[in-house]
Amino acid sequence: MALIELTKQGLYCAQADMYIDPWKSVPKALITHAHSDHARGGNGLYVAHEHCIPLLDLRLGKINSQGVKYGESIHYNGVQISFHPAGHVPGSSQIRLAYKGEVWVISGDYKLEDDGVCAPFESVKCHSFISESTFGLPIYRWKDQVDVFSEINRWWKQNAADGIVSVIMAYSLGKAQRILKHLDQEIGSVIVHPVMGAMNAAVRNFTPDLPADLIWHKDLTVSNYRNALLIVPPNSAQTMLEMFHPCSISFASGWMNFRGGKYQMSAERGFTLSDHADWEGLNKAIDASGAEQVFITHGFTKPYVKWLREQGKDAHELETLFNSHMESEE
Ligand SMILES: [Zn+2]
Ligand SMILES: [Zn+2]
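Model, not experiment: these values are computed from the prediction.

Caption draft 1: Up close: the domain arrangement of the chain. Once the domains are mapped, the chain shows domain 1 (5-140 + 276-317) and domain 2 (145-272). The centre of domain 1, based on its C-alpha atoms, is set 29 Å off from the matching centre of domain 2. Contacts between domain 1 and domain 2 engage 20 residues on the former and 17 residues on the latter. In this assembly, domain 1 packs against domain 2 so that about 1700 Å² is buried in total across both faces, 72% of it on carbon and sulfur atoms. In this assembly, domain 1 and domain 2 are joined by one salt bridge. The closest approach of N and O atoms between glutamate 113 and arginine 178, which form a salt bridge, is 3.4 Å. At the junction of domain 1 and domain 2, the tally comes to six residue pairs in polar contact (both at pLDDT 80 or more). When the residues that make up the side of domain 1 that touches domain 2 are grouped by side-chain class, the tally is 11 nonpolar, four polar and five charged.

Structure representation (structure tokens):
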């Protein structure tokens, strides 16, 4: 029997009696990162990278957890388990499981570009690699983030000169910190939604160079902040937006350039910025793993598996609950 199998609860290692990012409550879970499609409530024990734990606490309330450092080995019933940087969001990991010479790596979500906030992706050799494929089509190729952030800063600067508040809608774990880190703070103040403020504060505990932000509250004197940039989660910012009217609204996502663009919202600008690997990134990561067997999940599984097979890879589709084509991070 293979070391990792797919069950109704999710990926499972029977030898260690542990699930990986389970979507139903289980006694013991290994968690790749704190996004809600990977870390659900109700598990007996959460084992994750030590920086992921406070983010899990924030999202799920107090949980029973075990934090592990990158590269540190823990053992469950003879299975050696370790966490390695996935470069996706703060505290995100690939999880390596080894037993009697057989090595599996579960990627979770990942990207290869160093975003300047979280620990950069590290390739881990294995026999079997389970990879996400959120952007597993050749049309997805990201620009360098330097270029995206200079677009964002230029847009903000122009708005500030015109006395219009800039608003970026973004996910509160990952994207929010990445944007905050690369904004040109000379232009004006950065104001964040309270949910993001709490997330940023938690991340700042282990990432002290994350710039400061101003957490929104209803008594804020708007006239003092006409040159501000607001970072808000996509669906919970109505009051903020009304208060700062007139504003220019944008959205930062990997999906911006596609599907007719504006992510079903009234955003005027889209910035293509993703915390997932693009087509080239996925292929590079799979090659670098040296894996004999590749399992594809979480995205464009069918076409991507077909393409990998055409390249001579022993690739398989893994039917998981994650096979939606959207980043469902909130
Ligand atoms: Zn994620
Ligand atoms: Zn995900």
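Caption draft 2: Region of the structure containing the side chain of serine 166. Among the secondary structure elements, serine 166 is positioned in strand β12 (residues 165-169). We classify serine 166 as buried; its relative accessible area is 0%. Of note is the side chain of serine 166, whose polar atom sits 2.9 Å from the side chain of asparagine 159. Leave out the neighbours within four places in its chain, and serine 166 touches Trp155, Trp156, Asn159, Ala228, Leu229, Leu230 and Ser248.

Thresholds applied
Residues numbered from 1 in each chain as written. Chains lettered and ligands numbered in written order. Predicted model: local features only at pLDDT ≥ 70, side-chain atom pairs only at ≥ 80, totals over all residues. Heavy atoms only, no water. Domains from an automatic or database assignment. Contact = heavy atoms within 4.5 Å. Buried area = accessible area lost by both parts, 1.4 Å probe. Salt bridge = Lys/Arg side-chain N within 4 Å of Asp/Glu carboxyl O. Polar contact = N/O pair within 3.5 Å; in protein donor to acceptor, adjacent residues only side chain to side chain. Nonpolar A, V, L, I, M, F, W, Y, C, P; charged D, E, K, R; others polar. Helix = DSSP H or I, 4+ residues; strand = E, 2+ residues; numbered from the N terminus. Buried < 20%, exposed > 50% of the residue type's maximum accessible area, 1.4 Å probe, protein only.

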